[in-house]
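Here is what each chain is made of, one letter per residue.
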Amino acid sequence: MTSNQIITTKNLNLWYGEKQALFDINMGIYANKITALIGPSGCGKSTLIRCFNRMNDVIDKCRITGSIYFNGNDILQTNTDAVEIRKKIGMVFQKPNPFPKTIYENVAYGSRVQGINDKKKLDDIVEKSLKKAALWDEVKDRLYESAMGLSGGQQQRLCIARSLAIEPEIILMDEPCSALDPIATAKIEDLMTELKKTYTVIIVTHNMQQAARVSDYTAYMYLGKLIEFGDTEQIFENPKQELTENYITGRFG
């Protein structure tokens, strides 16, 4: 594992019951970079990122072999605390999923679960997280209103703020813009670029233009296999694999 790789997978395989969904995935995710996973629907992109924070644990009949090293430790070992992993590796989903609570309580939730109840501390965490998610100026006067009153793009940034509040090292984003309009999408893309100064960002996207715009590295997946991984510019301008080239040029997928 090279020193600037924060996650490395070794021969990672995954089955849902009898059906194999991932085949021998070997890849490294670089710290403080944006890595995009692209490929047609059902190729294993979301399944792969859900391995990184052990979200697949909650799925019945899901079986995994191989290793995932996060900061040098294999998180698939049975003695690994999945809750601790999820604190370090946050996740933002395709559809914004704020809790039916106030904006403030959405962001403070994770800290409260960790036992922080001091008002001043929570105020500080909420403000910092909303600022990092580029949402503070829009909501600072309505923190005690329901989060459900926010627009879709604001709700997605609120979910990012909620994820940042527990100080993760990595943020997983599973198609975070697919339900958003172009203006809200541009805000999330700008935010990702800002976030990589402090965090490592891994994004699943169907939008190849988005991958080309925001990511430093791109992985192309097809039928559960990692076909090609490399510098985004190289993947889009000079792919080494014919399958990658066919997908990028729109010949299939």
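These notes cover the structure that comes with them.

Calculation rules
- Residues numbered from 1 in each chain as written.
- Predicted model: local features only at pLDDT ≥ 70, side-chain atom pairs only at ≥ 80, totals over all residues.
- Heavy atoms only, no water.
- Helix = DSSP H or I, 4+ residues; strand = E, 2+ residues; numbered from the N terminus.
- Rg over C-alpha atoms; globule rule 2.2 N^0.38 Å.
- Buried < 20%, exposed > 50% of the residue type's maximum accessible area, 1.4 Å probe, protein only.
- Contact = heavy atoms within 4.5 Å.
- Lys, Arg positive; Asp, Glu negative; His and termini not counted.
- Charge placed at Lys NZ, Arg CZ, Asp CG, Glu CD.
- Axes fitted to C-alpha atoms, helices over the stretch in contact; angles between N-to-C directions.
- Parallel < 35°, antiparallel > 145°, perpendicular 65-115°, else oblique.
- Left-handed = near helix turned anticlockwise from the far one by under 90°.
- Phe/Tyr/Trp six-rings, centres within 6.5 Å; stacked < 30°, edge-to-face > 60°.
- Lys NZ or Arg CZ within 6 Å of the ring centre and 35° of its normal.
- Salt bridge = Lys/Arg side-chain N within 4 Å of Asp/Glu carboxyl O.

What to know about the overall build of the chain
Of the regular secondary structure elements, the chain holds 10 helices and 10 strands. Whereas a compact globule of 253 residues would reach a radius of gyration of roughly 18 Å, the chain reaches 18 Å, a difference of no more than 12%. C-alpha extents for the chain along the principal axes are approximately 55 × 45 × 35 Å. Sorting the 253 residues of the chain into buried and exposed places 51% on the buried side. Long-range pairs, those at least 24 residues apart, make up 67% of the contacts in the chain between residues at least 6 apart in sequence. Taking the average place of the 31 positive charges on the side chains of the chain and the average place of its 31 negative ones, the gap between the two points comes to 3 Å.

Some words on the packing of helix 6 (residues 152-164) against helix 7 (residues 182-195)
A packed helix pair is summarised by two numbers, namely the angle formed by the two axes and the spacing between the axes. Interaxial distance between helix 6 and helix 7 falls to 9 Å at its minimum, and their mutual angle equals 20 degrees. Accordingly, the angle class assigned to the pair helix 6 and helix 7 is roughly parallel. The two elements helix 6 and helix 7 cross, and the hand of that crossing is right-handed. Across from Gly153, Gln156, Arg157, Ile160 and Leu164 in helix 6, the residues of helix 7 making contact are Ala184, Lys187, Ile188, Leu191 and Leu195.

With respect to the packing of aromatic side chains
Enumeration according to the criterion identifies five aromatic pairs in this entry. Each ring, one from Tyr220 and one from Tyr247, has its centre 5.0 Å from the other, and the planes form 25 degrees; the classification is stacked. In this pair, Tyr220 is assigned in strand 9 (residues 217-222) and Tyr247 in helix 10 (residues 242-248), connecting sequence segments 27 residues apart. Considered together, Tyr220 and Tyr247 belong to a single accessibility category, that of buried residues. Positioned over the ring face of Trp15 is Arg63, at 4.1 Å from the centre of the ring.

Some thoughts on the pattern of salt bridges
Tallied over the full model, the rule gives 13 salt bridges. For the salt bridge of Glu127 with Lys131, the shortest nitrogen-to-oxygen distance reads 2.7 Å. Within this pair, Glu127 and its partner Lys131 are both found in helix 4 (residues 119-132), separated by four residues, close to a single helical turn. Here Lys131 falls in the partly exposed class, since its relative accessible area comes to 47%. For the salt bridge of Glu194 with Lys197, the shortest nitrogen-to-oxygen distance reads 3.0 Å.

Considerations on helix 3 (residues 103-113)
One turn of an α-helix holds 3.6 residues; hence residues three or four places apart share an orientation. Restricting attention to buried positions, one finds in helix 3 the residues Ile103, Tyr104, Asn106, Val107, Ala108, Gly110 and Ser111. Buried residues along helix 3 sit against helix 4, helix 5 (136-139) and helix 6.

Concerning helix 1 (residues 45-52)
Burial analysis of helix 1 places six of its eight residues in the buried class, the great majority of the element. If you check which residues of helix 1 are buried, you get Lys45, Thr47, Leu48, Ile49, Cys51 and Phe52. Directly beyond the C-terminal end of helix 1, a positive phi value near 60 degrees is found at Arg54.

A closer look at the packing of helix 3 against helix 4
Taken N-terminus to C-terminus, the directions of helix 3 and helix 4 make an angle of 115 degrees; their axes are 9 Å apart at the nearest point. In terms of orientation, helix 3 lies roughly perpendicular with respect to helix 4. In this structure, the crossing between helix 3 and helix 4 has a hand that is right-handed. Packed against helix 3, whose contacting residues are Ile103, Tyr104, Val107, Ala108, Ser111 and Arg112, the element helix 4 presents Lys119, Leu122, Asp123, Ile125, Val126, Ser129 and Leu130 at the interface.

Some words on the side chain of Ser111
Here Ser111 shows up in helix 3. Accessibility expressed as a relative area gives 2% for Ser111, which makes it buried. Residues contacting Ser111, with those up to four places away along its chain left out, are Ile116, Leu122, Ile125, Ala165 and Ile166.

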